[in-house]
Amino acid sequence: MKITKIMALTGLCMALQLVSCTTKAQSSKTVKAAMANTKVLVPNPSKYVSSPVRNRIKLNLNASLPEVWEMVGKPEHMPHYSAGLEKVDAQYAAGKCTEFTCHFVPMEGQTEGLKHTEKVVWYENQLGYISQSEEPNNYGYTEGLALVQVSKTEQGALFSWDIHYNAPDDATLHMNIEAYQMALDDIAANLIKKFGGQVLESYAFKQ
């Protein structure tokens, strides 16, 4: 009789353990599935500025997403694909860039180039970042924002760079549109030279 009770209790304990393990496994699968289905969304620039897109490039690059992100997702690497930059100092916290300062190559006859600082307001690894320009700045524009994005494609990676800003007058606006168009065309050429690929879009705002 005692043996029967012990066997019954043992069986009950084993059953409870089995149910507990099954429940934990199902719970773990549910959490993992939920995490897999959670997609990080890129914030709309209108959350930060009211200025429209003035310049944009979009490239299809023949390299993996991690390779492309290692280059374009870390601002300190900009001088490797932008001829106008001498160096970029970037600050990070918890693995995410929070601010960077661009040091431009000195113009002819000058010993020191211009400096420009951007605050990073959103940063997501292998997805993109949004930075806002300091004000006032050397270029006379306001509500400056840059949105850099990357995504995986069958051939490699898609890369885009949108520039938003406003200006107090037409002369300042057109000066910046032309300057950014030249800068982004240079960036596109250097990235394609490094990774291979093609330009899908090169946009400059026209009134």
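None of the values given here were measured: they were computed from a predicted structure.

Peer 1: Give a description of the side chain of Asn55 that names residues and reports values.
Peer 2: By secondary structure assignment, the location of Asn55 is in strand 1 (residues 53–61). Side chain to side chain, Asn55 and Tyr165 meet in a polar contact 2.7 Å long. Ignoring sequence-local partners within four residues, the contact set of Asn55 consists of Trp161, Asp162, Ile163, Tyr165, Asn176, Ile177, Tyr180, Gln181, Leu184, Tyr203 and Ala204.

Peer 1: Just give me the short version of helix 3 (residues 170–195), but keep the residues and values in it.
Peer 2: With 26 residues, helix 3 should reach 38 Å at 1.5 Å per residue; the first-to-last C-alpha distance of 37 Å fits that figure. All of the buried residues in helix 3 are Thr172, Leu173, Asn176, Ile177, Tyr180, Leu184, Ile187, Ala188, Leu191 and Phe195. The elements touched by buried residues of helix 3 are strand 1, helix 2 (65–72), strand 7 (157–166) and strand 8 (197–204). At the N-terminal boundary of helix 3, the capping side chain belongs to Asp169, with an oxygen 3.2 Å from the backbone nitrogen of Ala171. Positioned one or two residues after helix 3, Gly196 has a phi angle of 80°, which is positive.

Peer 1: A description of the sheet that holds strand 1 should follow, citing residues and the corresponding values.
Peer 2: Across the sheet, eight strands lie side by side as 2-3-4-5-6-7-1-8; this open sheet has antiparallel pairing. The strands lining the two open edges of the sheet, one partner per strand, are strand 2 (85–93) and strand 8. For this sheet, the mean inter-axis angle between neighbouring strands, taken without regard to orientation, is 15°. Note: strand 1 against strand 7, eight bridges, orientation antiparallel. In the strand pairing of strand 7, Val53 is matched with His164. Along the sheet face, helix 2 touches strand 1, strand 4 (115–124), strand 5 (128–133), strand 6 (142–152) and strand 7 and points at about 155° away from the line of strand 6. Lying over the sheet, helix 3 contacts strand 1, strand 7 and strand 8, oriented at roughly 5° with respect to strand 1.

Thresholds applied
- Residues numbered from 1 in each chain as written.
- Predicted model: local features only at pLDDT ≥ 70, side-chain atom pairs only at ≥ 80, totals over all residues.
- Heavy atoms only, no water.
- Helix = DSSP H or I, 4+ residues; strand = E, 2+ residues; numbered from the N terminus.
- Polar contact = N/O pair within 3.5 Å; in protein donor to acceptor, adjacent residues only side chain to side chain.
- Contact = heavy atoms within 4.5 Å.
- Expected span 1.5 Å × (residues − 1).
- Buried < 20%, exposed > 50% of the residue type's maximum accessible area, 1.4 Å probe, protein only.
- Pairing = 2+ DSSP bridges.
- Axes fitted to C-alpha atoms, helices over the stretch in contact; angles between N-to-C directions.

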